[in-house]
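These are the residues of each chain, in order.
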Amino acid sequence: MPLPAPIINSSCPIAHPQTVIVMVGLPARGKTYVAKKLTRYLNWIGIPTRVFNVGEYRRSATDCYKNHNFFRPDNEQAQVIRRKAAMDALIDMCNWLEVDGEVAVFDATNTTKERRDDILDTCYGRGFKVFFVESMCDNPLVIEANIAEVKLSSPDYKDMNKDEAIRDFLQRITHYETAYEPMDEQNDSEKSYITIMNCGERFLVNKVDGHIQSRIVYYLMNIHIMPRTIYLTRHGESELNLKGRIGGDSDLSDRGRQYRDALAAYMANEHLPDLKVWTSQLKRTSQTAQGIEAPIEQWKALNELDAGTCDEMTYVEIQQKCPEEFALRDQDKYHYRYPKGESYQDLVARLEPVIMELERQKNVLVVCHQGVMRCLLAYFLDKGSEELPYLKCPLHTVLKLTPVAYGCRVESVSLNIDAVDTHRPKPSKLNRSRRNSDALSTVPAYPDHSIDNIKLEGEVRLSENQPPAVTATPAS
């Protein structure tokens, strides 16, 4: 059973020593997959994290790789190159941690106790905590799939045919096996580590030290590599969308109900007998999911970002009544918190349990809201806090996410039902004393936007001579 999630408030910075995650294991055991996925998660929850891959350092230092003999234990010339690459990566990693980072992932085989002890000595000398993540696998089907999907695209094999490359890589693994010393419960009892066996069939966890390591363990015990697809979509167009009002809990518009029917038909055509549907607790998402033949579960965590005292207001009204708040949000949209409401940073913290559960599931359709969808999409696409609040998530569009080796493939599918455009790009002028027209320059126009008839301090109203903005994004 997975460990209970540590209760952490991501929006409150916590002082702690920097942490080094040291990957351990034979080639083709999924170490880089785990390293990249873990890095993406930690960055998403606000912990600056970076991977240092020793293989990349080795390839940048030499182009003399010809075949598996480069990895023979008795190849002294190659050993010198490999040790230097590892040391260069280790030094760069330590220097980065001391200046910019909180967590670094040292991605290499690190198969000998001597190598791991050297890394420990270096990191302890800098005052860093160290946590080992060992990936073990004896399932030949998983190993072969990993070689075929990932390793054959390595620059090492760019001029080698597929069958020859597979044979060469298998021989490379043999060279590592002769020297491999797995983590040991007795000899490594004082080290902090987790051993993952056969992609999550079993785990061995030893001496977890602190909240960062607890969080890492919890995450690693929830991910899986089974093929699956995650579908993200916003609710259908709502009555408040037509009026340009944010938040609220309104019903679907006529076009929103058309999207509801189109979405049900689209999901039926995907032929997913094990599909699950998640919605928020707001009416417009549950109405959108009606008609889909699958179990439906409501999540309070999927409710839209709480706009606090600005809920159900238009952007024009917010600029009229509290222009300073409007400017502060534009200056730092990710961290800005609405009065008595939430920030995007708060929303990421609220959505962490949703991400954990998504990682454990197979095929899921999430019917949610613009802010929520931006946060979820940022996790899967590895987008930072600067990009997250401005990710485009148009109405009446399904984003189909398929996890692949080191990332996620995205397909955008429009269901060809017109809807208002709710995307507001970042304006060019952000100061608090800006003119109303500058503050509202990127606000989309709406068919039923009666507030625009109000002139702001003598300025020309925003939507004058502008036609209603309607989007229908073509499928890609």
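Residues numbered from 1 in each chain as written. Predicted model: local features only at pLDDT ≥ 70, side-chain atom pairs only at ≥ 80, totals over all residues. Heavy atoms only, no water.

## Comments concerning a negative patch on the surface
So the rule is basically this: What goes into a patch is any residue over 30% in relative accessible area without a salt bridge, connected to like charges within 9 Å or, for nonpolar side chains (Val, Leu, Ile, Met, Phe, Trp, Tyr), within 5 Å. In these tables, accessible area is a Shrake-Rupley quantity obtained with a 1.4 Å probe, and a residue counts as shielded only by the protein chains included in the view. Any carboxyl oxygen of Asp or Glu that lies within 4 Å of a side-chain nitrogen of Lys or Arg is treated as forming a salt bridge with it. Think of it this way: Lys and Arg go in the positive column, Asp and Glu in the negative one, and His and the chain ends go nowhere. Throughout, a charge is located at the NZ atom of Lys, the CZ atom of Arg, the CG atom of Asp or the CD atom of Glu. For the purposes of this entry, the term helix denotes a DSSP run of H or I that reaches at least four residues, the term strand denotes a run of E that reaches at least two, and both are numbered from the N terminus.
A cluster of acidic side chains, namely E114, D118, D121 and E181, defines a negative patch on the protein surface. If you trace the backbone, E114 turns up in helix α4 (residues 113-125).

## A word on the sheet that holds strand β2 (residues 49-53)
Our working definition: Here, a strand pair is defined by DSSP locating no fewer than two bridges between the strands. In this description, a line fitted to the C-alpha atoms serves as the axis of each element, helices being fitted only across the stretch in contact, and the angle between N-to-C directions of two axes falls anywhere from 0 to 180 degrees.
Spatial ordering of the open sheet is given by β2-β3-β1-β4-β5-β6, a layout of six strands whose pairing is mixed. Unpaired on one side and paired on the other, β2 and β6 (202-206) mark the two borders of the sheet. On average, each strand axis in the sheet is tilted by 15 degrees relative to the strand beside it, whichever way the strands run. Where β2 and strand β3 (residues 103-107) come together, five bridges link them in parallel fashion. Following the sheet pairing, V51 is matched in β3 by V105.

## Things to note about the confidence of the model for the protein
As a reminder, the rule being used: On a scale of 0 to 100, pLDDT captures the predictor's confidence in every residue. Between two residues, a contact is recorded if the distance between any of their heavy atoms is within 4.5 Å.
Looking at the protein as a whole, its pLDDT mean stands at 89, while 90% of the residues score no less than 70. The low-confidence segment residues 1-14 (pLDDT under 50) makes 24 contacts with residues lying over four places distant or belonging to another chain.

## Observations regarding the environment of N431
The condition that has to hold: Throughout this description, a polar contact denotes any pair of N or O atoms lying within 3.5 Å of each other; where both atoms belong to protein, one of them has to be capable of donating a hydrogen while the other can accept it, and for residues adjacent in sequence the pair is counted only when both atoms sit in side chains.
Following the sequence through the fold, N431 ends up in the loop between β13 (419-420) and α15 (436-439). Considered as a pair, N431 and A327 are 104 residues apart in the sequence and their alpha carbons are 6.3 Å apart. With near-sequence residues (within four places) excluded, N431 lies in contact with A327 and Q331. Reaching out from N431, the side chain makes a polar contact with the side chain of S433 at a distance of 2.7 Å.

## Quick word on empty space enclosed by the protein
Note the threshold: Note on definitions: the grid is 1 Å and covers protein atoms alone; a cavity is a set of points where a 1.4 Å probe fits but cannot get out; a pocket is an open set with protein on both sides within 12 Å along at least five of seven lines; lining residues have an atom within 4 Å of a point. Grid points are joined across faces, edges and corners, and a volume is the space filled by probe spheres set on the points. Residues are grouped as follows: nonpolar covers Ala, Val, Leu, Ile, Met, Phe, Trp, Tyr, Cys and Pro; charged covers Asp, Glu, Lys and Arg; every other residue, Gly included, is treated as polar.
Following the criterion strictly, the structure yields five cavities of 30 Å³ or more and no others. Each pocket or cavity is described by its volume, and for the largest cavity that value is around 360 Å³. As for the largest cavity, its lining consists of 22 residues, and the residues nearest its centre are I246, G247, E304, Y315 and Q370. Per element, the largest residue contribution to the lining of the largest cavity is three residues, and it comes from helix α14 (residues 370-381). For the lining of the largest cavity, the per-class residue count stands at eight nonpolar, eight polar and six charged.

## Observations concerning helix α1 (residues 31-44)
To keep things clear, this is the line we draw: Helices are assigned an expected span. That span is 1.5 Å times one less than the residue count. Three labels apply to residues, based on accessible area from a 1.4 Å probe with only protein chains included: buried if under 20% of the type maximum, exposed if over 50%, partly exposed otherwise in between.
The terminal C-alpha atoms of α1, which comprises 14 residues, lie 20 Å apart, in line with the 20 Å expected from a rise of 1.5 Å per residue. Judged by how many residues are buried, α1 sits mostly within the fold: twelve of 14 residues are covered. Within α1 the residues assigned to the buried category are K31, T32, Y33, V34, A35, K37, L38, T39, R40, Y41, L42 and W44. Positioned one or two residues after α1, G46 has a phi angle of 95 degrees, which is positive.

## Topic: the pattern of salt bridges
Pairing between side chains of opposite charge can happen when their charged atoms approach one another. Enumeration over the complete set of coordinates arrives at 28 salt bridges. Of the charged contacts, one joins E324 and R432 as a salt bridge, the two residues approaching to 3.3 Å between their closest N and O atoms. Residue E324 is found in helix α12 (residues 323-331), and its partner R432 is found in the loop between β13 and α15; the two are separated by 108 residues along the sequence. For E324, a relative accessible area of 43% puts it in the partly exposed group.

## Topic: unusual backbone geometry
At N110, a position not held by glycine, the phi torsion is positive, near 45 degrees. We note that E312 has phi near 70 degrees; this positive angle belongs to a residue other than glycine. In this structure, E312 sits in the loop between β9 (296-298) and α11 (315-321). Here E312 falls in the partly exposed class, since its relative accessible area comes to 39%.

## Considerations on the pairing of β3
Counted residue by residue, β3 has five buried out of five residues, so it is predominantly covered. In β3, alternate side chains face the same way, and those of V103, V105 and D107 on one face and A104 and F106 on the other are all buried. Two strands pair when backbone bridges link them, and strand β1 (residues 19-24) and β3 are joined in this way by four bridges, in the parallel orientation. Residue pairing for β3: V20 is matched across the bridge by A104.

## Considerations on the sheet that holds strand β8 (residues 276-279)
As summarised here, the arrangement of the six strands in space is β9-β8-β10-β7-β11-β12, forming an open sheet in which the pairing is mixed. Because the sheet does not close on itself, it has two edges, and the strands there are β9 and β12 (407-414). Averaged over all pairs of adjacent strands, the angle between strand axes in this sheet comes to 20 degrees, irrespective of strand direction. Examined bridge by bridge, strand β11 (residues 397-404) and β12 share eight bridges and lie antiparallel to one another. Residue pairing in the sheet places T402 in a bridge with R409 of β12.

## Some points on the side chain of S253
Positionally, S253 belongs in the loop between α8 (239-243) and α9 (254-270). There is a polar contact of 2.7 Å between the side chain of S253 and the side chain of E237.

## Side note on the environment of K429
Secondary-structure assignment places K429 in the loop between β13 and α15. A residue is classified by how much of its surface remains accessible, and K429, at 44% relative accessible area, is partly exposed. Apart from the residues within four sequence positions on either side, K429 is in contact with R434 and D438.

## Regarding the environment of L328
Mapped onto the elements, L328 comes out in helix α12. Note on L328: relative accessible area 24%, which makes it partly exposed. The spacing of L328 and N431 is 103 residues in sequence and 8.2 Å in space, taken between C-alpha atoms. Residues in contact with L328, not counting those within four places in the same chain, are Y336 and R432.

## Here we look at α12
Applied cut-off: To obtain the arc, one takes the directions from the helix axis to the C-beta atoms.
Along α12, the residues that are buried comprise F326, A327, R329 and D330. Around the axis of α12, the buried residues are gathered within 160 degrees of arc, so they sit on the same side. On the buried face of α12, the contacting elements are α11, α13 (344-360) and α15.

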